[in-house]
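# Coordinate analysis (summary)
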Amino acid sequence: MQEGTDSVTVWIVYGLLGIGFTYSYPISAFDDIRNERSETTVTYIYDRIDEVNKACQFVLSSASELKAEDDRIYSMKKELFFVNGDWRQEVGKDPIMPFDNREVQSEYLGNRTPLNLASFWLVNIDHAHRSKKSLSVSGFMVMGITIDGSFMDYGYQGTSEFQMWRSHSQMTISFQGIYTESKRNGGERVMCLLGSTMLPSRDPDSANPWEWLKASDSSNQPPLSQDDQILLVLHFPVTFNLTSRAIRGELRSLNPKSNSKYFDEVRILSQLGKSAMYEFGSEKIVSRACDPYPYDDSLVYGGISNYKGHTICEILKEVARDQAFTVVPNWRCNGTDEFCSKLGPFVTDKEIKESDGSFKGVKLYMQEIMCEQKASGGNASSARVSAVFRAVSPMENLYTAAKRSGLNNMTVAAEGIWKSTSGQLCMVGCLGIVDVEGSRCNTRVCLYVPTSFSIKQRSILYGSFSSINNTGSSYFPLSFEKLVQPSELWNYFRVSSPNYKYTKISSAAVVLEKNEPFSVGTVIKKSLLSFPKLEDTEAFELSLSVLSEDLTLHVSAFPDPIPKLQHPKVDVQMEILSVGPLFGRYWSPQNGSTAQEETPYHTKSEYTEKQLLLNVSAQLTITGKAYSNLSVLYLEGLYDPHVGKMYLVGCRDVRASWKILYESMDLEAGLDCLVEMVVSYPPTTSRWLVNPAARISIASQRTEDDPLYFSTVKLQTLPIMYRKQREDILSHRGIEGILRVLTLSLTICGILSQLFYIRYNVDSVPYMSLVMLGIQAIGYSIPLVTGAEALFKKLATESYETSTYGLDDSQWFHILDYTVKLLLMASLLLTLRLCQKVWKSRIRLLTQTSLEPHRVPNDKRVLMTTSAIHLIGYVMVLVVHTMRTGQRSIRTKSYKISREDSRGLWEWETELEEYVGLVQDFFLLPQMIGNLVWQIDCKPLRKLYFIGITLVRLFPHIYDYVRAPSLNPYFAEEYEFVNPSLDFYSKFGDIAIPITAILLAVVVYVQQRWNYETLSKMLTFGQCRLLPLGSRMYERLPSSSKAFEAELVSGVNGNARQENDKENDDVE
């Protein structure tokens, strides 16, 4: 008997557990999964029928006879399921599962509330074991406790065992049982099922049954035991309507209480979803709230037009689909604290009550929308609508909360009517679980879809909850709204044209006068720089739409000026709602006639030379704990395209207690509109000379003793990019690529000149440092192996990297990259040729002076000295950098922005990569040391070679210093080889490194200009000698002829002519 159950369990888990726990798919997705499973040949074994009949006798006793012609039996799998219902277990001695809450207070999860969720699916109906009153069925249920909302991510694991990690627990139970129908409670569809699973084992100590949890690691699974004595009874309503929608369930153990597998009874609560057919027919209950229609709603904003078209159902579903509505504070309430602090009809928890009527962080979801629209007489139309409103505490995970289906005191089921004559959706709301009489249906819900907008009306949908209790209201009417986004307007209004009414332009003009006094700098800026503006060549509406996109900001920012300690990252989202007469974006000719489309903006009468400023409206959202009082700003004002500045008046969504809001008599529609804001945009031209970042300044016009006053906020964004600046990226990257080609070409010229130089100065060849040449060879080979840039840093910040739109695939860039690699290869081969020349010359010189090998130059001491210097330098850099960044190292790990394709490095690894670049910049250091060790009296390096390559190595620093700054204090690796956030390519490094490299070149020049003996005499001051006396160790051997010199290079055996010819062949 057990084997059959196990076979069903394995198929269930492997086949359907991938559906997951969080219901993030439409019903059609579940239908597809079921159809796919139905096509798969699977054998279900119902080997516990006798056990089921015995355990479910109390269900069978009240069951009615099943009708053979009832079509509902064939649609059971599509209707009899629920996802993310609630379950609760009375606090007792025997909990069903443990929960590890040791990370509940972590920074990632915050102080969130655990959710008990359960989902059930019916997977098979066995018509062979059908009786008059029952039908055999199989199914499975996933239940758990979660904070992180990760059921969807971890649903498919191929096992039915209990799973647990910190902040998450879940188990899967497979069932087989019977399906019956009953006439109780207005008609029910009941399933009684026996289940089997692996339960976590409890300790005998009832006070702490999960003692093992304290010692276990988050990756270790608890001890489990097989349990097949689990009974599940589910009650589904036959009729789906306003008062009959709840799914109830009981899960209990059939083991005796003395058994360690016994657990206290679990109550499950959910509701029917969109897969079931909703029946509108609660007109009597609806009339309590909506008769007469329309309801005279005092909360409706004056002067606002509402949608009255023929697609209200599509708009409602589009607006509310998984979208969180904002709850408006009770700013108009004047009563007791208890009255004004209530969240409408909802029975709130401690966190919401503590908001004191501000409802900060409280969200509202509109779920399970059922809508039927039909035409009335003429152009009028009407619709019947049903939905469930769910209030969500700030302590809940919003993603998981949006998918919940349980009914409780934070849900209001509603049904009502909408008519195009008024544009009002009036509904009656029922709190929690509703009885047949609708005794808890004492709430009125009014919804509107506005088509006119202003600074005080930014909602694409707004509404209210009010009481219809005849004995008096127990709460103040609660308002809610869904803020508009410009990109969404086209989806909502395909026929109706929304509009925006400017009401704060005169106030914005005052802000302009205060912040833009006449100055010479302003005149110069207007004449030399260009900022986002209307394009002359574009159609009028299209020009406005393009400008609106350019002025939109979606970027990270930091305080201006930059604080010494790294500040937490701030996300700035500024949506431009309207520019001039255009509201939203230009999508199609529906926004204007064809003639208007082809009319350039400068021929419009309202945009002649006299019209220098543009009206704009925007919406600003700033995320960050330090800016919670400025979380949302509604903006309106003027944009001056000549200086790239926007002068705005803001209305702030104040989240203060209802008392403060009520006593602030200067609020406008509950908003603090005494806010001014100035946004400065970077120019569209001269981006290499001006930091391409926007600056934002937000100030309160209130006095400091006002409770709504806030300190001035100044922010600077990361570099931004305008819509038409992809060409700038192309030119920017193209120019850098060309510069790489030019600098590498100069390097090759320098190496070739050195090769020609040593052809006629063979006596100085052995005195070239192999360590110097090796450093250069490594520098050329690393880019070929790793793909890093050779000379220039590759800019890859978020602002640029995410905006290239596939420009990396440009054929022009590929040509440049291949050219750079070919030049690198040529530089490497030529450098290796120099190494070969030096090595061979030393071997032949050693052959000539076999009795005096100490007189042949050797790089051993040079290598040891150079390595010691660089090792000490690297350690010093690590120490200094650690001291500089020690105070912000923790924050750096939290807030730095890494490129998606970058590899995370330890700090010492990053510093080492950067130090490699520094070693290449100081490539003359080994030659300088060698010149001192070998006490040269020759010129081993040509001036064109070592001075030219020094300048080539310094050019990236000069370019980085004069190029437009791209400040980003949060990046991890802005460049491939070096990191400007640290030391080497900071402004100080761009000055100090070139100076040091130039000094090395000067020293080498002096060493070659005067021999060692002369320098020793010049650097002698009295009895003090900076250089020791010269020795004869490395004194050059005398040469009497060019043939002998050729022998030093080509060899000593054979005649001079043959060897000289061979050498000439080598050079060629």
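Check the entry above for the structure.
Keep in mind the model is a prediction, meaning the values are calculated, not measured.

The next subject is the overall build of the protein chain. Within the protein chain, the secondary structure is distributed over 30 helices and 30 strands. When each of the 1068 residues of the protein chain is scored for burial, the buried share is 54%. Long-range pairs, those at least 24 residues apart, make up 75% of the contacts in the protein chain between residues at least 6 apart in sequence. Total accessible area computed for the protein chain in this model is approximately 49000 Å², and 55% of it derives from carbon and sulfur atoms.

We now examine the sheet that holds strand 12 (residues 381-392). Pairing in this closed barrel of eight strands is antiparallel, and the strands run 10-11-12-13-14-15-17-18 around the ring. For this sheet, the mean inter-axis angle between neighbouring strands, taken without regard to orientation, is 25°. As judged from the five bridges shared by strand 14 (residues 424-431) and strand 15 (residues 443-448), these two strands associate in the antiparallel manner. Across the sheet, cysteine 426 pairs through a bridge with cysteine 446, a residue of strand 15. Set on the sheet, helix 8 (residues 312-320) makes contact with strand 10 (325-327), strand 11 (363-375), strand 12, strand 13 (411-419), strand 14, strand 17 (459-467) and strand 18 (478-483); between it and strand 11 the angle comes to about 165°.

Turning our attention to the packing of aromatic side chains. What the rule picks out here adds up to 16 aromatic pairs. Joined through ring pairs, the aromatic side chains of Phe325, Phe346, Phe389, Phe465 and Phe480 make up one cluster. Stacked on the ring of tyrosine 295, the Lys or Arg arginine 444 has its end atom at 3.8 Å from the ring centre.

Once that is clear, we can look at the state of the cysteines. The tally for this structure, following the rule as stated, stands at six disulfides. Here cysteine 313 pairs with cysteine 371 through a disulfide, and the sulfurs are 1.9 Å apart. With the S-S dihedral at roughly -65°, the linkage between cysteine 313 and cysteine 371 falls on the left-handed side. Of this pair, cysteine 313 sits in helix 8 while cysteine 371 is found in strand 11, placing the two residues 58 residues apart along the sequence. Relative accessible area serves as the criterion here: at 7%, cysteine 313 is assigned to the buried category. We classify cysteine 371 as buried; its relative accessible area is 15%. A sulfur-sulfur separation of 2.0 Å characterises the disulfide bridge that pairs cysteine 651 with cysteine 673. Residues cysteine 651 and cysteine 673 are joined through a disulfide that is right-handed, its torsion about the S-S bond being 105°. In this pair, cysteine 651 is assigned in strand 25 (residues 645-653) and cysteine 673 in strand 26 (residues 671-680), connecting sequence segments 22 residues apart. In this pair, the class of cysteine 651 matches that of cysteine 673, namely buried. Within the protein chain, bonded cysteines paired by disulfides and numbered along the sequence follow the pattern 1-2, 3-8, 4-7, 5-6, 9-10, 11-12.

Okay, the environment of leucine 193 next. Locating leucine 193 in the fold gives a position in strand 6 (residues 188-200). Assessed through its relative accessible area of 0%, leucine 193 is described here as buried. C-alpha separation for the pair leucine 193 and asparagine 53, spaced 140 residues apart in sequence, amounts to 9.6 Å. For leucine 193, the contacting residues outside a window of four places in its chain are Cys56, Phe120, Val137, Phe175, Gln176, Gly177, Ile178, Ile230, Leu231 and Leu232.

Calculation criteria
Residues numbered from 1 in each chain as written. Predicted model: local features only at pLDDT ≥ 70, side-chain atom pairs only at ≥ 80, totals over all residues. Heavy atoms only, no water. Helix = DSSP H or I, 4+ residues; strand = E, 2+ residues; numbered from the N terminus. Buried < 20%, exposed > 50% of the residue type's maximum accessible area, 1.4 Å probe, protein only. Contact = heavy atoms within 4.5 Å. Areas by Shrake-Rupley, 256 points an atom, 1.4 Å probe, with all protein chains shown as cover. Pairing = 2+ DSSP bridges. Axes fitted to C-alpha atoms, helices over the stretch in contact; angles between N-to-C directions. Phe/Tyr/Trp six-rings, centres within 6.5 Å; stacked < 30°, edge-to-face > 60°. Lys NZ or Arg CZ within 6 Å of the ring centre and 35° of its normal. Disulfide = S-S within 2.5 Å.

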